[in-house]
Amino acid sequence: MTTGVPVPEQLAVTAEPLGTAGVDRRPRRALFLAGLIITVVFVNSCLFGLLAVLLQPGVDFWHGLLAVLYVGPVLAIQLLFFSRPAVRLDTRLAKAMLVVQACLAYLSTVHFDAALSSLTTLAAGSALLLFRPRTGWTVFTVFMAGTIWILWTYDETWLGALFDSVTAVFYALVVYLLTWLARLVTELHQARTELARRAVAEQRLAFARDLHDLLGLSLSAIALKGELVHRLLRKSLDQARAELAEITGIAQRTLSDVRSVARGYRELSLDKESRTAVSLLSASNVAVRLDLEQVELPVKLRTLLAKVLREGVTNVLRYTGVEHCEITVRETGGRVALEIVHDGTAHEDVPEETAESLREVTEEVAGHGGKLGAGPDAAGRWRLHAELPVPEQAEPAEAALEQEPGHWSRIDARNVQWTMSAVFLFFSLSAMARAFMLTDDGWSLVLIAGYLTALTTLQLSYFARPNVRLRSRQSYALLFVQACLIFLPLIPLGHAWVSLPSLFAGTALLVLPPLAGWTAFAATAAGVVLIRIGYGTDFLGGFYSFASILNTGLMVFGLIWLIRLVTELGETRKRLAEVAVAEERLRFARDLHDLLGMSLSAIALKSELTSRIMDIDTTRASDELLEILGLTRQALGDVRSVASGYRELSLDQESRSAQAVLVAADVQVRLEIEQGDLPTTVRTVLAVVLREGVTNVLRHSKVERCEIAVRRTVNGVALDIVNDGVQNGRPPNPGRPERQARVEAPGSGITNMSDRVAGLGGELTAGVEADGRFRLHAVVPV
């Protein structure tokens, strides 16, 4: 009655590109390109000042060498220390480097006035990297105030000082943004699986809660009633039979709940089901119109809508004369609606087969606070409408994203957008200040201010937005508009033309294919140089114009490209987390069914068998009952192993709990915990081994002393649990050599934990020592 591709294959296909092509390769190439852009931009910025010194008349060799000795260390600190993603910036060394850089930058004014003031912008931008926002912006303001004071002191005109001051703030902000974004790309790439691990941990906690609520009480009730029946076999067979009937009923209800939960954790894809629906309907000569709005929904809602779509399309195929079918998914007002409409032969009442197939899914929709209706509409077409509320509770991947303290999307996104806006604003103001230096005509200044405002608005509202699709007709059209705003004012303004051609050069690299983009970049730079030379600029001025276009064009390209890359990496990490959670849900559903489905089925069957044979063979009935109790204990052990294996446990808390439990059982305990700082996975595995080891100690009949020790070894950490009791009902044999084998306990607790220890590269052994004591020993490398 249902059609579709099994989910595991679907997830396997989805996971591979995300794990390889989507994350591994591009960021590494991107890091190289980011480093190249940063190097070119910073070297050019410092080169402007150095050339201004070296080309001054009367500068001798020693003054030139001194200028190089100022520029070289400042630039080296920036490129080899602050711009290296592997260098930590929260250390005293980083702050010492900033002090050295700032001292060299500001001391240069003693010998060269304001010629090397560009060095101070590197120190100001680096200050924003090293300190928290409030402190960083305070230090930035102090540094820039010093730079502006230098410029206003040594510049010949106030317009020149204003132009240089605005340009200095612009460059300082660019230094911060370029360096920070390049470092962030590295951090996101290196931590690409961290979000997935956090999301899976959230999902595992949900699994543990569901298992406890679903199975803990039922299995405990079966165990208690089984012991009661065992006592009643010799007293009252009627009461024993009644209790057995209750055991059977509890086992069957619990098995049904387990299967329901397992089905609920098997995620279906709404996109996949919609493609399957289109394929099926098209194969039946039905014209399909699919309108699937991309809605962010929790896993359970996506799966439920996929079920409704699957059942709805299956029912469409039952009708005769269907020629057209429309499938739409919409979200409005916090509710998501799925609608399937077709023109098949309608009936006044819902067909019995259709009503029966939709009844179960209708109840499920109602259970989630929604409603589902099906029937003919006013136009005579058959319409299925399902509507569900969208909960505000975050999915595990989103919850993990919210909890991640340093993630850019939660903390730094607004800061980056604000700083980006400030960069382009100061870029525009710098051009406006230059315009005041070239002309005093009011209408010309109004025209310049108008198209500079339009250029800045276009850049910030469209090209600088990280989610805009740049390779599109709209982008090509707006790039043409940008080129017109930049170059057409040249006609009325002539020599007073001031614009932002580097905006077009940098944006062309983003919008156009690589060859066309670099061609447009080179043509823009060459065109500006020719225009300047045509209006009387000398060769040196033309060179400065070319270098300026190269520098600012690469800045524009680097800033927007890095922000887009950071956004894409963040989304890729989120998709990785969603895939990891989906795979974990499938694994849990499989384990839940395999581990507990068989046990509960066996309990129900053996309960019925015991009820039938207790009048004939009491001894066999007693044996069957003992097996039921064993199965119940095993099921409880399976629940414990699944749940505890998914929880993050505290080793300190488990050691204290173990000591309290053993003391309550009149066992003398010697506890020695020297764990130090351990990774979370190691702590959790050791805590679970400790819990299961103490459970085994309590099963021994004559335990008087128990020693628990956690000690650091050369390459890891070791856990030892030693007791003087009896193992599995047998007295210890002092002459028997130690048995290097894994402990076999009821259920799969210790067995699973020994596998987990081995999964971390460790080893778990257990056996009787020469002195008769039983030792459980686990070693895990750190």
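Remember, it's a predicted structure, so these values are computed and weren't measured experimentally. (Residues numbered from 1 in each chain as written. Predicted model: local features only at pLDDT ≥ 70, side-chain atom pairs only at ≥ 80, totals over all residues. Heavy atoms only, no water.)

## Points about the overall build of the protein
Working step 1: From N to C terminus, the protein includes 25 helices and 10 strands.
Working step 2: The buried share of the protein, taken over its 782 residues, is 49%.
Working step 3: Considering only contacts within the protein whose residues lie at least 6 apart along the sequence, 74% involve residues at least 24 apart.
Working step 4: With the model as given, the accessible surface of the protein reaches about 37400 Å², and the carbon-plus-sulfur share is 57%. (Helix = DSSP H or I, 4+ residues; strand = E, 2+ residues; numbered from the N terminus. Buried < 20%, exposed > 50% of the residue type's maximum accessible area, 1.4 Å probe, protein only. Contact = heavy atoms within 4.5 Å. Areas by Shrake-Rupley, 256 points an atom, 1.4 Å probe, with all protein chains shown as cover.)

## So, a nonpolar patch on the surface
Working step 1: Taken together, L54, L55, F539, L540 and F543 make up a surface patch of nonpolar side chains, about 510 Å² in accessible area.
Working step 2: Among the elements that make up the nonpolar patch, the one with the highest residue count is helix α21 (residues 539–613) (three residues). (Patch = residues over 30% accessible without salt bridge, like charges linked within 9 Å, V, L, I, M, F, W, Y side chains within 5 Å. Salt bridge = Lys/Arg side-chain N within 4 Å of Asp/Glu carboxyl O.)

## Side note on the sheet that holds strand β7 (residues 705–712)
Working step 1: Pairing in this open sheet of five strands is mixed, and the strands run β6-β7-β8-β10-β9 from one edge to the other. Each edge of the sheet is formed by a strand with only one pairing partner; in this case those strands are β6 (668–673) and β9 (763–768). Here the strands of the sheet are splayed against their neighbours by 5 degrees on average, with no regard to which way each runs.
Working step 2: Sheet topology note: the strand β8 (residues 716–723)/strand β10 (residues 774–781) ladder contains eight bridges and is antiparallel. Note on β10: the bridge partner recorded for L719 is A778. (Pairing = 2+ DSSP bridges. Axes fitted to C-alpha atoms, helices over the stretch in contact; angles between N-to-C directions.)

## Digging into the environment of R241
Working step 1: If you trace the backbone, R241 turns up in helix α9 (residues 237–264).
Working step 2: Beyond its immediate sequence surroundings of up to four residues, R241 is in contact with S611, M614 and D615.

## Structural notes on the pairing of β10
Working step 1: By the alternation rule, side chains of β10 split into F774, L776, A778 and V780, which are all buried, and R775, H777, V779 and P781, of which none is buried.
Working step 2: Pairing geometry for β9 and β10, over six bridges, is antiparallel. Within β10, the residue paired with E763 across the bridge is V779.
Working step 3: Connecting β9 to the next strand, β10, in antiparallel fashion are five residues, including G772 with a positive phi near 90 degrees.

## Considering the sheet that holds strand β4 (residues 371–376)
Working step 1: The five strands are arranged β1-β2-β3-β5-β4 in an open sheet whose pairing can be described as mixed. Two strands lie at the open edges of the sheet, namely β1 (287–292) and β4, each paired on one side alone. Direction aside, neighbouring strands of the sheet carry axes that sit 10 degrees apart on average.
Working step 2: Sheet analysis places β4 next to strand β5 (residues 382–389), joined by six bridges and oriented antiparallel. Across the sheet, the residue bridging to L372 is A386, located in β5.
Working step 3: Strands in contact with helix α10 (residues 270–283) are β1 and β2 (324–332); relative to β1, the strand with the most contacts, it is inclined by about 165 degrees.

## Regarding the pattern of salt bridges
Where charged atoms from two side chains of opposite charge come close, those side chains can pair.
Working step 1: Here the structure, examined in full by the defined rule, presents 18 salt bridges.
Working step 2: For R330, the salt bridge goes to D291, with nearest N and O atoms at 2.2 Å. Remark: D291 occurs in strand β1 and R330 occurs in strand β2; sequence separation between them is 39 residues.
Working step 3: The partly exposed category is assigned to D291, whose relative accessible area is 22%.
Working step 4: A salt bridge links R330 to E293; its shortest N-O distance comes to 4.0 Å.

## Brief notes about the packing of aromatic side chains
Working step 1: For the structure shown, the criterion picks out 15 aromatic pairs.
Working step 2: Aromatic pair F170 and Y171: ring centres 5.4 Å apart, planes at 70 degrees, arrangement edge-to-face.
Working step 3: Since its relative accessible area comes to 4%, F170 is described here as buried.
Working step 4: Aromatic rings pair up to connect W137, F140, Y176 and W418 into one cluster. (Phe/Tyr/Trp six-rings, centres within 6.5 Å; stacked < 30°, edge-to-face > 60°.)

## Some remarks on the side chain of T328
Working step 1: Position of T328 relative to the elements: it lies in strand β2.
Working step 2: Among the residues examined, T328 registers a relative accessible area of 16% and is labelled buried.

## Digging into helix α3 (residues 61–82)
Because each turn of an α-helix spans 3.6 residues, side chains separated by three or four positions end up pointing in the same direction.
Working step 1: With 22 residues, α3 ought to run about 32 Å at 1.5 Å a step, and its terminal C-alpha atoms sit 31 Å apart, in line with that.
Working step 2: For α3, the set of buried residues is G64, A67, Y70, V71, V74, L75, I77, Q78, F81 and F82. (Expected span 1.5 Å × (residues − 1).)

## Side note on the packing of helix α5 (residues 118–130) against helix α6 (residues 133–154)
Working step 1: Here α5 crosses α6 at 170 degrees, and the two axes come no closer than 8 Å. The orientation of α5 with respect to α6, classified from their angle, is roughly antiparallel. Contact with α5, carried on its side by T120, A123, A124, G125, A127 and L128, involves G136, W137, V139, F140, F143, M144 and T147 of α6 and no other residues of that element.
Working step 2: When grouped by side-chain class, the residues that make up the contact of α5 with α6 number nine nonpolar, four polar and no charged. (Parallel < 35°, antiparallel > 145°, perpendicular 65-115°, else oblique. Nonpolar A, V, L, I, M, F, W, Y, C, P; charged D, E, K, R; others polar.)

## A look at the nonpolar core
Working step 1: Counting 114 residues, the largest nonpolar core has L89, L119, F143, W497 and L559 as the members making the most contacts within it.
Working step 2: The element best represented in this core is helix α7 (residues 158–190), accounting for 17 residues.
Working step 3: Setting aside anything within four residues of it in sequence, one finds L559 in contact with V174, L177, L178, L181, M420 and V423. (Core = buried A, V, L, I, M, F, W, Y, C linked by side-chain atoms within 4.5 Å.)

## Comments concerning the pairing of β8
Working step 1: Here β8 lies mainly inside the structure; eight of its eight residues are buried.
Working step 2: The side-chain alternation of β8 yields two buried faces, one formed by G716, A718, D720 and V722 and the other by V717, L719, I721 and N723.

## Notes on the environment of L530
Working step 1: Its place among the elements puts L530 in helix α20 (residues 514–534).
Working step 2: Judged by relative accessible area, L530 falls into the exposed class, the value being 61%.
Working step 3: Residues L530 and S545, spaced 15 residues apart in sequence, show a C-alpha to C-alpha distance of 9.8 Å.

## Some points on the packing of helix α17 (residues 473–487) against helix α19 (residues 501–511)
Working step 1: The geometry of α17 relative to α19 is characterised by a closest axis approach of 9 Å and an angle of 165 degrees between their N-to-C directions. The orientation of α17 with respect to α19, classified from their angle, is roughly antiparallel. The way α17 lies across α19 gives a crossing that is left-handed. Between α17, through S475, Y476, L479, Q482, A483, I486 and F487, and α19, the contact on the second element is made entirely by P501, L503, F504, T507, A508 and V511.
Working step 2: Split into classes, the residues belonging to the contact of α17 with α19 amount to 10 nonpolar, three polar and no charged. (Left-handed = near helix turned anticlockwise from the far one by under 90°.)

## A word on the confidence of the model for the protein
One rule of thumb: low pLDDT means the predicted coordinates there are not for detailed reading.
Working step 1: On average, residues of the protein score 76 in pLDDT, and 75% of them are at 70 or above.
Working step 2: Of all secondary-structure elements in the protein, the lowest mean pLDDT belongs to helix α1 (residues 7–19), at 31, while α17 reaches the highest, 92.
Working step 3: Overall, residues 1–24 carries pLDDT values under 50, and its contacts beyond four positions in sequence, including any with other chains, amount to 45 contacts.
Working step 4: Contacts from residues 727–749, a stretch scored under 50 in pLDDT, to residues over four places away or in other chains number 46 contacts. (pLDDT = per-residue confidence, 0-100.)

## Quick word on unusual backbone geometry
Working step 1: Look at D113: it is not a glycine, yet its phi comes out positive at around 55 degrees.
Working step 2: Among the secondary structure elements, D113 is positioned in the loop between α4 (92–112) and α5.

## Thoughts on the environment of A306
Working step 1: Relative to the helices and strands, A306 resides in helix α11 (residues 299–316).
Working step 2: Residue A306 is classed as buried on the basis of its relative accessible area, which comes to 0%.
Working step 3: Measuring from C-alpha to C-alpha, the distance between A306 and L338 comes to 9.6 Å, with 32 residues separating the pair along the chain.

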